[in-house]
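Fold and contact review
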Amino acid sequence: MKKIAFVLAFLATNSAFAYQACNNLEAQMIAQASSVEALENGQCRVKLAWTGNWMLNPSYACPLDIDEVSSFGVITSCGVKVGDTVSGIVYRSVNDGPESIYLY
């Protein structure tokens, strides 16, 4: 009985350390730029078209939802033109709203 209690206590302790809270929600993506809107500080909001060879691969641990990315687009540099392929890691802080999704 003592061995069982020890094993259960050991597993519970290790599980607590294995869990990490998410600071950022993330996904890998490839899509086409459907519109580009200038923001301040030399950044642009790029709305995306999920056509052709597109992909959105949410993080397993801290997933970013395709609905948020589709609705609000991503914030990136203004070097993107309509029709360009946009790819990379998209993320947002869990403390920010879905309008604050950035392309890394």
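Coordinates for the structure precede this section.
In this report, the structure presented in the accompanying data block is examined. (Residues numbered from 1 in each chain as written. Predicted model: local features only at pLDDT ≥ 70, side-chain atom pairs only at ≥ 80, totals over all residues. Heavy atoms only, no water.)

**Some words on the state of the cysteines**
Applying the stated criterion to the full structure yields 2 disulfides. Disulfide pairing is shown between cysteine 22 and cysteine 62; the S-S distance is 1.9 Å. One disulfide, between cysteine 22 and cysteine 62, carries an S-S torsion of -85° and so falls in the left-handed class. A residue pair is termed long-range when its members are at least 10 positions apart, and cysteine 22 in the loop between helix H1 (2-18) and strand E1 (24-38) and cysteine 62 in the loop between strand E3 (55-58) and helix H2 (66-72) qualify at 40 residues. Here cysteine 44 is linked by a disulfide to cysteine 78, with a sulfur-sulfur distance of 2.0 Å. Because the sign of the S-S torsion sets the handedness, a value of about 105° for the bond joining cysteine 44 and cysteine 78 places this disulfide among the right-handed ones. Residue cysteine 44 is located in strand E2 (residues 43-49), and its partner cysteine 78 is located in the loop between strand E4 (74-77) and strand E5 (85-93); the two are separated by 34 residues in the primary sequence. Since its relative accessible area comes to 4%, cysteine 44 is described here as buried. On the basis of relative accessibility, which here comes to 36%, the residue cysteine 78 falls in the partly exposed class. Taken in N- to C-terminal order, the disulfide-linked cysteines of the protein chain are connected 1-3, 2-4. (Disulfide = S-S within 2.5 Å. Helix = DSSP H or I, 4+ residues; strand = E, 2+ residues; numbered from the N terminus. Buried < 20%, exposed > 50% of the residue type's maximum accessible area, 1.4 Å probe, protein only.)

**Here's the deal with the pattern of salt bridges**
Counted by the stated rule, this structure contains 1 salt bridge. Here arginine 92 makes a salt bridge to glutamate 68, at a shortest N to O gap of 2.8 Å. One end of the pair, arginine 92, is in strand E5; the other, glutamate 68, is in helix H2, with 24 residues separating them in the sequence. Since its relative accessible area comes to 9%, arginine 92 is described here as buried. (Salt bridge = Lys/Arg side-chain N within 4 Å of Asp/Glu carboxyl O.)

**Some thoughts on the environment of glycine 42**
Turning to its location among the elements, glycine 42 is positioned in the loop between E1 and E2. The class of glycine 42 is exposed, set by a relative accessible area of 54%. Separated by 34 residues in the primary sequence, glycine 42 and threonine 76 have C-alpha atoms spaced 8.8 Å apart.

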